[in-house]
Amino acid sequence: LKDSKVKGCYEKSNPQTISENKIASLLIESVLLSVSKERMALKELSQSPAFFPFKLPILTGEIVRQFTPRIEVIKGVDDEFLRLI
């Protein structure tokens, strides 16, 4: 968010682009830590409202796993699921 011309009001700003897979993977892990679900689809994680100020790179489960060893990747039919181990 950024200040608008009207005091106390804010405008939407452009999202902060995260280009490093390591940082994006850590952000994905942080969402997994904050939810009560046992596992989540990577697509669902990537579209979490928690990332409203960020634009994440396209990630695969293996990329996330490479940078966050506390995550297990479970292959589904249409998506990959991630869970903390």
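Keep in mind that what you see is a predicted model, and the values were worked out from it rather than measured.

Participant: Where do I start with the pattern of salt bridges in this structure?
Facilitator: Pairing between side chains of opposite charge can happen when their charged atoms approach one another. For the structure on display, the rule yields 4 salt bridges. Measuring nitrogen to oxygen at the nearest pair gives 2.6 Å for the salt bridge that ties Arg 70 to Glu 29. Here Glu 29 lies in helix α1 (residues 21-34) and Arg 70 lies in the loop between α3 (61-67) and β6 (71-75), a separation of 41 residues in the sequence. Ionic pairing is found between Lys 37 and Glu 44, a salt bridge with its closest N-O pair at 2.7 Å. Exposure remark for Glu 44: the relative accessible area of 36% places this residue in the partly exposed category.

Participant: I'm lost on the pairing of strand β7 (residues 80-84) in this one. Help?
Facilitator: Regular strands have side chains that alternate between both faces of the sheet. In this structure, strand β4 (residues 40-41) lies alongside β7, joined through 2 bridges in antiparallel fashion. When the bridges of β7 are listed, Met 40 appears paired with Leu 82. Inspection of the sheet shows β6 paired to β7 by 5 bridges, in the antiparallel sense. Counted as the bridge partner of Ile 74 is Phe 81 from β7.

Participant: What is the right way to look at the nonpolar core in this model?
Facilitator: Among soluble globular proteins, nonpolar side chains are generally buried collectively. Ile 28, Leu 32, Leu 45, Phe 51, Leu 56, Val 64 and Leu 82 are the most contacted members of the largest nonpolar core, which has 16 residues in total. Mapped by element, the contributors of at least two residues to this core are α1, α2 (42-46) and β6. Top contributing element to this core by residue count: α1, with 5 residues.

Participant: In this structure, what is going on with the sheet that holds β7? I would like to understand it.
Facilitator: Sheet strands line up and pair through hydrogen bonds in the backbone, either parallel or antiparallel. If you trace the 3 strands from one edge of the open sheet to the other, you get β4-β7-β6, paired in antiparallel fashion. The open sheet has two edge strands, β4 and β6, and neither has a second partner. Sitting on the sheet, α1 touches β4, β6 and β7, and the angle it makes with β7 is about 65°.

Participant: What is the right way to read the environment of Lys 2 from this model?
Facilitator: Mapped onto the elements, Lys 2 comes out in strand β1 (residues 2-3). Taking relative accessible area as the criterion, Lys 2 reaches 41% and is therefore assigned partly exposed. C-alpha of Lys 2 to C-alpha of Ser 48: the two residues are 46 residues apart in sequence and 21 Å apart in space. For Lys 2, the residues in contact, after removing those within four places along its chain, are Cys 9, Tyr 10, Glu 11, Lys 12 and Ser 13.

What counts as what
Residues numbered from 1 in each chain as written. Predicted model: local features only at pLDDT ≥ 70, side-chain atom pairs only at ≥ 80, totals over all residues. Heavy atoms only, no water. Salt bridge = Lys/Arg side-chain N within 4 Å of Asp/Glu carboxyl O. Helix = DSSP H or I, 4+ residues; strand = E, 2+ residues; numbered from the N terminus. Buried < 20%, exposed > 50% of the residue type's maximum accessible area, 1.4 Å probe, protein only. Pairing = 2+ DSSP bridges. Core = buried A, V, L, I, M, F, W, Y, C linked by side-chain atoms within 4.5 Å. Contact = heavy atoms within 4.5 Å. Axes fitted to C-alpha atoms, helices over the stretch in contact; angles between N-to-C directions.

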